[in-house]
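Listed below are the residues making up each chain.
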Amino acid sequence: MVNRIKIQSSIIVVLIALFCFSSCSDEPDQENYYTFTGEMMSDYLNSRQEYSMFTSIVEKAGLMPQLSTYGHYTCFLPNDEAVEKYLMERGITIDQLTVEDCDTIARTHLVKAIYSTFEMSDGVLPEMNMNDRPLKMSHGTNADNNAITIINGQAEIAFELQDDSVENGIVQPINAVLKTSTDLLPDLIKKNPKVQIFYDALVATGLMGKMNNYK
């Protein structure tokens, strides 16, 4: 009788332990998972016709394999209408873009980090783009009075399409091609009307010339 009680007690202890283990597991319920699509950023570009021109630019730059692997990327993605407008301003066709052009354009729109619009406060992103240039964020409203994020004062992130996640990053569709900035710090100070007295002081002291040195 004593042995039977011991066996029954052991079974109860084991069952309780198994229940606690399953209840305390770090693994979330299936219903709490993000939808797993297996879609990489390269897949996102190749499967959406409205971004075919930027996709061609990325392919010509040789960056598509990189966007096919696991990593952390944010892509500020201009649609075909935006790319066409950019090409018209330059007076060229997409076929006339050199490999160097495509590399610069593609890297200007890619950041090796994931940023949702929630994380884009006014100012520059902590991580530079893949062209080693800062991206400046500001905010406003669109025609429907929705809060929107604006990059470099040039392109708006589409409110309805923002924060579209893929397996290796996040996509932020935009309505204009980002221009590559070649400004140095003195150029940015000169353009800012709020610091003109400071700018005049830098010029008067000769420090402005020293600040134009690059690496």
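That block above? That's the structure.
I tried to follow helix 3 (residues 52-61) on my own but got confused; where do I start?
The periodicity of an α-helix, 3.6 residues per turn, causes residues three or four positions apart to be oriented the same way. For helix 3, the complete set of buried residues consists of M53, F54, T55, I57, V58 and A61. Against the buried residues of helix 3 lie helix 2 (41-46), strand 1 (73-78), helix 4 (80-90) and helix 5 (99-108). Phi for G62, located one or two positions after helix 3, is positive at around 80 degrees.

Can you help me understand the sheet that holds strand 1 in this one?
Note: strands within a sheet are paired through backbone hydrogen bonds, in either parallel or antiparallel orientation. Spatial ordering of the open sheet is given by 2-1-8-7, a layout of 4 strands whose pairing is mixed. What marks the edges here is a single partner per strand, and that holds for strand 2 (110-111) and strand 7 (164-166). Alignment of strand 1 against strand 8 (residues 169-174), held across 6 bridges, turns out to be parallel. Bridging from a neighbouring strand, L77 pairs with P173 of strand 8.

Any chance you could explain the environment of T69 here in plain terms?
In this fold, T69 is placed in the loop between helix 3 and strand 1. With relative accessibility at 40%, the residue T69 sits in the partly exposed group. Discounting chain neighbours no more than four positions away, the residues touching T69 are M40 and N168. At a separation of 2.9 Å, a polar atom in the side chain of T69 contacts the main-chain carbonyl oxygen of Q66.

Looking at this structure, I do not really get unusual backbone geometry. What am I missing?
Backbone phi values are negative for most residues with the exception of glycine, while trans is the configuration of most peptide bonds. Phi at D132 takes a positive value of approximately 60 degrees, unusual for a residue other than glycine. Mapping D132 onto the fold places it in the loop between strand 3 (123-124) and strand 4 (136-141). A relative accessible area of 58% places D132 in the exposed class. One non-glycine residue, N145, adopts positive backbone phi at about 65 degrees. Structurally, the position occupied by N145 is in the loop between strand 4 and strand 5 (147-151).

Before we go on, may I ask you to explain the packing of helix 3 against helix 4 in this structure?
Think of two packed helices as two axes; the pair is described by the angle between the axes and how far apart they sit. Orientation of helix 3 relative to helix 4, taken along the N-to-C sense of each, is 70 degrees, at an axis distance of 7 Å. One way to sum up the angle between helix 3 and helix 4 is to call them roughly perpendicular. Of helix 4, the residues touching helix 3 (which contributes S52, M53, F54 and I57) are D80, V83, E84 and L87. Residue composition of the contact of helix 3 with helix 4, grouped by class: 5 nonpolar, 1 polar and 2 charged.

Would you mind showing me how to read the packing of aromatic side chains here?
The geometry of two aromatic rings is summed up by the distance between their centres and the angle between their planes. Overall, the coordinates contain 1 aromatic pair when judged by the stated rule. Arranged with centres 6.4 Å apart and planes meeting at 25 degrees, the rings of Y44 and Y51 form a pair that is stacked. For the pair Y44 and Y51, a shared accessibility class is recorded, and that class is buried. The ring centre of Y44 lies 3.7 Å from the NZ or CZ of R48, which sits over that ring.

Definitions and cut-offs
- Residues numbered from 1 in each chain as written.
- Predicted model: local features only at pLDDT ≥ 70, side-chain atom pairs only at ≥ 80, totals over all residues.
- Heavy atoms only, no water.
- Buried < 20%, exposed > 50% of the residue type's maximum accessible area, 1.4 Å probe, protein only.
- Helix = DSSP H or I, 4+ residues; strand = E, 2+ residues; numbered from the N terminus.
- Contact = heavy atoms within 4.5 Å.
- Pairing = 2+ DSSP bridges.
- Polar contact = N/O pair within 3.5 Å; in protein donor to acceptor, adjacent residues only side chain to side chain.
- Axes fitted to C-alpha atoms, helices over the stretch in contact; angles between N-to-C directions.
- Parallel < 35°, antiparallel > 145°, perpendicular 65-115°, else oblique.
- Nonpolar A, V, L, I, M, F, W, Y, C, P; charged D, E, K, R; others polar.
- Phe/Tyr/Trp six-rings, centres within 6.5 Å; stacked < 30°, edge-to-face > 60°.
- Lys NZ or Arg CZ within 6 Å of the ring centre and 35° of its normal.

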